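# Examination of the molecular architecture
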Amino acid sequence: MTAETPGSPDSPDTPEIPDTPEIEPEPLPPHLAAVGAALGPDAEVAEQFGRVLVTVPSAAWVAALTAARDELGADFLDWLTGVDELEAGYLVAAFVVSTADRGPTGLGKARGLILRTRVPKDAAQGAKLATATGVYRGAAWHERETFEMFGIEFTGHEGLKPLLLPDGFEGHPLRKDFVLAARVAKAWPGAKEPGESDHQPAAASPGRRRMLPPGVPGEEWLKPYREGAEE
């Protein structure tokens, strides 16, 4: 027969630890609950600065945009862009708006929501996301710009080609790892003031007279006073 060790689970001196009650999440407001119900259980719905913000997995990107259009009445795509979040991947966001009042289960007129998803950085296959052009035709050139600036390939886009950068440009300027070219400092050929430029013409013109604001005395008051100088 062994003695019970004080403090052990079988010891009568061990205090009972009450069960921690599970904290249930607070219910969403009605307008956010309607958005969550329309976009499915995978959608994370929140509100920031008066805007409805919905985060969905990349696999549900097109389905979430379709539900926002068909279930909530967001029939207009305002913009679509990306953000480079380094190790977290790329954040792709789209702002969709309703052009009419859709009633209690939809969006009000001129009301919208921001849909976003994260695209991982894959060194072998690159960053890829399904195109939204089948849901919003206006997403075509937004995705072209995002592809050009971040290198995110929108699979299924029929015309994914450069939009803004000149032909032959290499790299994606809005990536955090893009190295900006150093600005080439060139001497200004037409100097406005002496010493402003290393390049001086053969007959350099004298410096311009600098104008002083009204009421500010000139440099003559610094000169020594001489009797009769006013005359």
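Here, every reference points to the structure presented above.
Here we summarise the structure given alongside this text. (Residues numbered from 1 in each chain as written. Predicted model: local features only at pLDDT ≥ 70, side-chain atom pairs only at ≥ 80, totals over all residues. Heavy atoms only, no water.)

### Some thoughts on unusual backbone geometry
As a reminder of what qualifies: Counting from the N terminus, the helices are the DSSP runs of H or I reaching at least four residues and the strands are the DSSP runs of E reaching at least two. Here the term buried applies to any residue with accessible area under 20% of the maximum for its type, exposed to any over 50%, and partly exposed to those in between, with areas from a 1.4 Å probe on protein chains only.
The phi dihedral of F49 is positive, around 55°, even though this residue is not glycine. For F49, the location among the structural elements is in the loop between β1 (44-48) and β2 (51-55). On the basis of relative accessibility, which here comes to 87%, the residue F49 falls in the exposed class. Not every positive phi belongs to a glycine, and L86 is a case in point at roughly 55°.

### What about the pattern of salt bridges?
Using the following cut-off: We define a salt bridge as a contact between a side-chain nitrogen of Lys or Arg and a carboxyl oxygen of Asp or Glu at a distance within 4 Å.
Here the structure, examined in full by the defined rule, presents four salt bridges. Between D70 and R69 there is a salt bridge, with the nearest N and O atoms lying 2.8 Å from each other. Residue class for R69 comes out partly exposed when judged on its relative accessible area of 28%.

### Notes on helix α1 (residues 30-39)
Owing to its 3.6 residues per turn, the α-helix brings residues three or four apart onto one side. Inclusion rule: Arc definition: directions from the helix axis to the C-beta atoms. By the convention used here, residues are in contact when the closest approach between their heavy atoms is within 4.5 Å.
Buried within α1 are the following residues: L32, V35, G36 and L39. All buried residues of α1 fall inside an arc of 95° around its axis, so they share one side. α1 presents P30 and A37 as exposed residues on the side facing more than 90 degrees away from its buried surface. On its buried face, α1 sits against β1, β2, α2 (61-70) and β5 (112-119). A positive backbone phi angle near 100° is found at G40, which sits one or two residues after α1.

### Looking at the packing of aromatic side chains
Test applied: The criterion for an aromatic pair is that two Phe, Tyr or Trp rings (for Trp, the six-membered ring) have centres within 6.5 Å, with stacked assigned to planes under 30 degrees apart, edge-to-face to planes over 60 apart and tilted to the rest.
Taken as a whole and assessed by the stated rule, the structure comprises three aromatic pairs. Geometrically, the ring pair formed by Y90 and F150 is edge-to-face, given 6.4 Å between the ring centres and 70° between the ring planes. With Y90 in strand β4 (residues 90-97) and F150 in helix α3 (residues 139-150), this residue pair connects regions lying 60 residues apart in the sequence. For Y90, a relative accessible area of 4% gives the class buried. When its relative accessible area of 4% is taken as the criterion, F150 is described as buried.

### Considering the nonpolar core
Where we set the bar: We define a nonpolar core as any set of buried Ala, Val, Leu, Ile, Met, Phe, Trp, Tyr and Cys residues linked to one another through side-chain atoms lying within 4.5 Å.
Core analysis: the biggest nonpolar cluster contains 36 residues, and V54, W61, L113 and L115 have the highest contact counts within it. Going through the elements one at a time, α1, β2, α2, β3 (76-84), β4, β5 and α3 are the ones with two or more residues in this core. Broken down by element, this core gets its largest block of residues, five residues, from α2. Once you skip the residues sitting within four places of it in the chain, L115 turns out to touch L39, V54, V56, W61, A64, L65, A68, V92, A93 and A94. Counting residues in each nonpolar core, the second largest holds five residues, with L53, A93, V97 and I114 among its members.

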